[in-house]
Amino acid sequence: MPAKSKAQQMAAGAALSAKRGETKISALKGASKEMAKTMTEKELDDLASTSHKGLPARKED
């Protein structure tokens, strides 16, 4: 599933880094911390690999 915003894509990248052991989960905040706890590495990789082109900075409600 592709990311819906640049913020979501970057949060997934941070969570993926923690999931792989490159960063500590305790260093994460907010959505990225929750993503690291609840999503699989494959799901995070799919979100993090989304191209920034054409994505809004933040998703509007």
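As a convention, each chain's residues are numbered from 1 in the sequence order in which they are written. Only residues with pLDDT of at least 70 are given local features in this predicted model, and only at 80 or more are side-chain atom pairs given and counted; all residues enter the totals for whole chains, interfaces and linings. No hydrogens and no water enter the side-chain calculation; it runs on all heavy atoms of the structure.

**Points about the overall build of the chain**
Let me state the cut-off plainly: Secondary structure is summarised from DSSP: a helix means a run of H or I of at least four residues, a strand means a run of E of at least two, and numbering begins at the N terminus for each. The quantity called the radius of gyration is restricted to C-alpha atoms. Its globule counterpart is 2.2 Å times the number of residues to the power 0.38. Burial status follows relative accessibility: with a 1.4 Å probe on protein chains alone, a residue under 20% of its type maximum counts as buried, one over 50% as exposed, and anything between as partly exposed.
A count of helices and strands for the chain gives 3 helices and 0 strands. The secondary structure elements of the chain, listed N-terminal to C-terminal, are α-α-α. Relative to the compact-globule value of 10 Å for 61 residues, the chain shows a C-alpha radius of gyration of 11 Å, a close match. If one aligns the C-alpha atoms of the chain with their principal axes, the spans along those axes are about 30 × 20 × 15 Å. Of all 61 residues assigned to the chain, the portion counted as buried reaches 31%.

**Topic: the environment of Ala11**
Under the convention used in this document: Any pair of residues with heavy atoms lying within 4.5 Å of one another is described as a contacting pair.
With respect to the helices and strands, the residue Ala11 is situated in helix H1 (residues 6–19). Residue classification places Ala11 among the buried positions, given a relative accessible area of 14%. In the structure, Ala11 is positioned 23 residues away from Glu34 in sequence and 9.7 Å away in space, judged by C-alpha atoms. For Ala11, the contacting residues outside a window of four places in its chain are Ser32 and Met35.

**A look at H1**
Keep this limit in mind: Given a helix with a known number of residues, its expected span is that number minus one, times 1.5 Å.
Over its 14 residues, H1 extends 20 Å from the first C-alpha to the last, a length consistent with the 20 Å expected when each residue adds 1.5 Å. Among the residues of H1, Gln9, Ala11, Ala12, Ala15, Leu16, Ser17 and Ala18 are the ones counted as buried. Elements in contact with the buried residues of H1: helix H2 (30–38) and helix H3 (41–48).

**Side note on H2**
Our working rule: Here, the arc refers to the directions that run from the helix axis to the C-beta atoms.
When we look at burial in H2, the residues that qualify are Ser32, Met35 and Ala36. The buried residues of H2 all sit within an arc of 100° when viewed along its axis, so they share a single face. Exposed residues lying more than 90 degrees from the buried face of H2 are Gly30, Lys37 and Thr38.

**Looking at the packing of H1 against H2**
Where we set the bar: In this analysis an axis means a line fitted to C-alpha atoms, helices contributing only their contacting stretch, and an angle means the value between N-to-C directions, from 0 to 180 degrees. Here the word oblique covers every angle except those under 35 degrees (roughly parallel), over 145 (roughly antiparallel) and from 65 to 115 (roughly perpendicular). Put simply, a crossing is left-handed when the front helix is turned counterclockwise from the back one by less than a right angle, and right-handed when it is turned clockwise. Residue polarity follows a fixed list, in which Ala, Val, Leu, Ile, Met, Phe, Trp, Tyr, Cys and Pro are nonpolar, Asp, Glu, Lys and Arg are charged, and the others, Gly among them, are polar.
In the contact formed by H1 and H2, the axes pass within 8 Å of each other and the chain directions differ by 50°. What the angle tells us is that H1 and H2 run oblique. You can see that H1 and H2 cross each other, and the crossing is right-handed. Of the residues in H2, those in contact with Gln8, Ala11, Ala12, Ala14, Ala15 and Lys19 of H1 are Ser32, Met35 and Ala36. Looking at the contact of H1 with H2 residue by residue, the class counts come to 6 nonpolar, 2 polar and 1 charged.

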